[in-house]
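# Residue-level structural notes
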Amino acid sequence: MRNGSRTTLAAALLLAVTALPTSAAAAPGATHVDGQLPSGATYLMDVPAGWNGTVLVFSHGYTPGPANPAQNAPDDATKALLLQRGYALIGSSYATTGWAVTDAVPDQLATLSVFTDRFGAPSRTIAWGRSYGGLVTTAIAERHPERIDGSLSLCGLVHGGVANWNNTLDPVFALKTLLAPGSAIPLVNLPDQQTAADAANALTAAVDSAQSTPAGRARIALAAALHNIPGWNDPAQPRPAPTDWDAQQANQYTAVKGLVKFPAFSWRQEAETRAGGNMSWNTGVDHARLLGKSSVRKEVTELYKKAGLSLRADLATLNRAPRIGADPDAVARMSRTSSFTGKLTKPQLSVHTIGDALVPVQTESALKRAVTSAGSASLLRQAYTDNAGHCTFSPAEQLSALHTLEDRLTAGKWVGTDPDSLNSRATKADPTTPTRYVPYRPAPYPRPYDLAHPADGR
């Protein structure tokens, strides 16, 4: 596939998988309800005739707008399976698009209240969500545990908002410093979407030019490594051999362009507007140390050798470059609204694909660190699927995760969270779709930040 086509595909996937509308018709005999909350958010409810007493409160992913549909399931196929099994499905649009956690959490809880008023109290309430919806779900789990029995995060931003924006800054800082030195491309404090688009286009042009040379490709790989972008990150890509550094870098190049086009500039600008300024920084960051934590550092080392380029010199250049400081008030606002304490009082299962470029699997390490520090480790379990892409779970894999959480709620202890048990549950739930749970331990998150460790992030 040509680079241009691959980039277009990656860009489309970034939008499609994080904000996938659900249009499946309700199961025969089900009650379908839609409406509007006082906030202006819309909501959807589907309650099957044979409701099993469990309501699933679904939080959808990042929606850039202007369209903002309500969603109550991750995809049509999974929705159909859940309705067939008697689950009530509810979810809202959130009152606003973008980094909308301050709207999303109350809108989701308000939707649950509307449901209870109409259909009665459920015997079990589970909050679940994908991508940005995993952040919303975790916020509900930490701040309003009395409203739910457990939570399920799928490919979620479980590292929280400050960590997310810090780690989104790192790769574009490296790209600008190494590929466009002396340029005036702004990386933060973006006043409007036009400025963001112009900056993204300028940096994309530098990336495209660099991809044509061995030195440029090595530097793109370095930037990708600072975000832990894996060498296999799209289901449309053939899986490279473990030492096929060139193929891995070509895959990363596509993902880096997607990162530049959307999260690093357009989505950042919207989040900065909400935070009231720049909420990320790289003052005090040692880029050699960040690379040392990366899951793809070996690839970077090999590509630098192949290019005859000094990795040590480039890391020194990054460490000497003028740094970016954050607006303390913006950090405080992002931290207060979108970061976590790690204190769980109800069980949570968090599931991630290992080939995720948009929300790398290492976010799970940040979650585990926070939860362990808070003394809540017994309430958290994490699982991993061996597939590429962001939120590319099969319906079977999602139902397996849900059933595993339900078993924990019923038994009072975690049962069958190993890959074999998860795959067995998945096969029983839907034998027609893939089951790919594997043993996996993600690398450390490069710059974790949570409310128990506010001085971290370097």
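For the structure itself, consult the block above.
This text gives an overview of the structure that appears in the document.

Cut-offs used in this document
- Residues numbered from 1 in each chain as written.
- Predicted model: local features only at pLDDT ≥ 70, side-chain atom pairs only at ≥ 80, totals over all residues.
- Heavy atoms only, no water.
- Helix = DSSP H or I, 4+ residues; strand = E, 2+ residues; numbered from the N terminus.
- Rg over C-alpha atoms; globule rule 2.2 N^0.38 Å.
- Buried < 20%, exposed > 50% of the residue type's maximum accessible area, 1.4 Å probe, protein only.
- Contact = heavy atoms within 4.5 Å.
- Disulfide = S-S within 2.5 Å.
- Salt bridge = Lys/Arg side-chain N within 4 Å of Asp/Glu carboxyl O.
- Pairing = 2+ DSSP bridges.
- Right-handed = clockwise from strand over helix to strand, strands pointing away.
- Core = buried A, V, L, I, M, F, W, Y, C linked by side-chain atoms within 4.5 Å.
- Phe/Tyr/Trp six-rings, centres within 6.5 Å; stacked < 30°, edge-to-face > 60°.
- Lys NZ or Arg CZ within 6 Å of the ring centre and 35° of its normal.
- Axes fitted to C-alpha atoms, helices over the stretch in contact; angles between N-to-C directions.

### Concerning the overall build of the protein
When you go through the protein residue by residue, the secondary structure sums to 16 helices and 9 strands. In terms of C-alpha radius of gyration, the protein reaches 21 Å, essentially the compact-globule figure of 23 Å for 458 residues. The C-alpha extent of the protein, read off along each of the three principal axes, is 65 × 45 × 45 Å. When burial is assessed residue by residue, the protein has 59% of its 458 residues classed as buried. For the protein, contacts bridging at least 24 residues in sequence account for 80% of all contacts bridging at least 6.

### Examining unusual backbone geometry
Following Gly-65, the chain continues to Pro-66 via a peptide bond in cis, the omega torsion being 5°. A positive phi angle, near 60°, is found at Ser-131, a position not held by glycine. Within the fold, Ser-131 resides in the loop between β5 (124-130) and α4 (132-143). A relative accessible area of 2% means that Ser-131 is categorised as buried. Unusually for a residue other than glycine, Asn-189 sits at a positive phi of about 55°. The topology assignment puts Asn-189 in the loop between α5 (161-179) and α6 (193-210).

### Considering the state of the cysteines
On inspection of all chains with the given rule, the structure shows 1 disulfide. The residue that forms a disulfide with Cys-155 is Cys-391, at a sulfur-sulfur distance of 2.0 Å. Between Cys-155 and Cys-391, the S-S torsion sits near 100°, and that sign places the bridge as right-handed. On the criterion of sequence distance, the pair formed by Cys-155 in the loop between β6 (150-154) and α5 and Cys-391 in the loop between β8 (380-388) and α15 (395-411) is long-range, its members being 236 residues apart.

### A word on the pattern of salt bridges
For the coordinates displayed, the defined rule picks out 14 salt bridges. A salt bridge links Arg-219 to Asp-314; its shortest N-O distance comes to 2.7 Å. Taken as a pair, Arg-219 in helix α7 (residues 214-226) and Asp-314 in helix α12 (residues 311-320) lie far apart in primary sequence, 95 residues in all. A relative accessible area of 5% means that Asp-314 is categorised as buried. A salt bridge links Arg-369 to Asp-450, with the shortest nitrogen-to-oxygen separation between them at 2.9 Å. With Arg-369 in helix α14 (residues 363-373) and Asp-450 in the segment after β9 (437-438), the pair connects residues that are 81 residues apart, well separated along the chain. The exposure class of Asp-450 is buried, given its relative accessible area of 4%. Overlapping salt bridges, with partners in common, bring together Asp-103, Glu-270 and Arg-274 in one network.

### A word on the pairing of strand β7 (residues 348-355)
Across the 8 residues that make up β7, a large majority, 8, are buried. With 7 bridges connecting them, β7 and β8 associate as parallel partners. By the bridge assignment, Ser-350 is partnered in β8 with Gln-382. The parallel pair β7 and β8 is bridged by α14, and the resulting crossover is right-handed.

### Remarks on the nonpolar core
Counting residues in hydrophobic clusters, the biggest one holds 49 residues, and the most contacted among them are Leu-175, Leu-187, Leu-222 and Phe-265. Within the residue set of this core, elements represented by two or more residues are α5, α6, α7, α8 (245-261), α9 (263-275), α10 (287-293), α11 (297-307) and α12. Here this core takes 8 residues from α7, the largest share from any one element. Those residues in contact with Phe-265 that sit more than four places away from it in its chain are Val-172, Ile-185, Pro-186, Leu-187, Leu-190, Ala-196, Ala-199, Ala-200, Leu-203 and Val-260. Val-101, Ala-139, Ala-271 and Leu-367 belong to the second largest nonpolar core, which has 40 residues in total.

### Brief notes about the pairing of strand β3 (residues 54-59)
Within β3, 6 of the 6 residues are buried, leaving the element largely enclosed by the surrounding structure. The alternating pattern of β3 places Thr-54, Leu-56 and Phe-58 and Val-55, Val-57 and Ser-59 on opposite faces, both of which are buried. The sheet contact formed by β3 and strand β4 (residues 88-92) spans 3 bridges and is parallel. Residue Leu-56 lies in a different strand from β4, and its bridge partner there is Leu-89. Following the chain from β3 across helix α2 (residues 76-84) to the adjacent parallel β4, one finds a crossover that is right-handed.

### Quick word on the packing of aromatic side chains
In total, this model carries 10 aromatic pairs according to the counting rule given. Centre to centre, the rings of Trp-281 and Tyr-449 are 6.2 Å apart; their planes meet at 75°, and the pair counts as edge-to-face. Of the two residues, Trp-281 is situated in the loop between α9 and α10 and Tyr-449 in the segment after β9; the sequence distance between them amounts to 168 residues. Given a relative accessible area of 10%, Trp-281 falls into the buried group. The exposure class assigned to Tyr-449 is buried, which follows from its relative accessible area of 6%. Sitting above the plane of the Phe-262 ring, Lys-261 keeps its charged end 5.7 Å from the centroid. One residue, Arg-408, lies across the ring of Trp-414, its end atom 5.6 Å from the ring centre.

### Topic: the sheet that holds β7
The strand order across the open sheet formed by 9 strands is β1-β2-β4-β3-β5-β6-β7-β8-β9, and the pairing between neighbours is mixed. Each edge of the open sheet is held by one strand with a lone partner, namely β1 (31-36) and β9. Here strand β2 (residues 42-47) pairs with β4 via 4 bridges, running antiparallel. Within β4, the residue paired with Asp-46 across the bridge is Leu-89. Those strands touched by helix α3 (residues 101-119) are β1, β2, β3, β4 and β5, and its axis lies near 140° from that of β4. Strand contacts of α14: β7 and β8, with the helix running at about 175° to β8, the strand carrying the most contacts.

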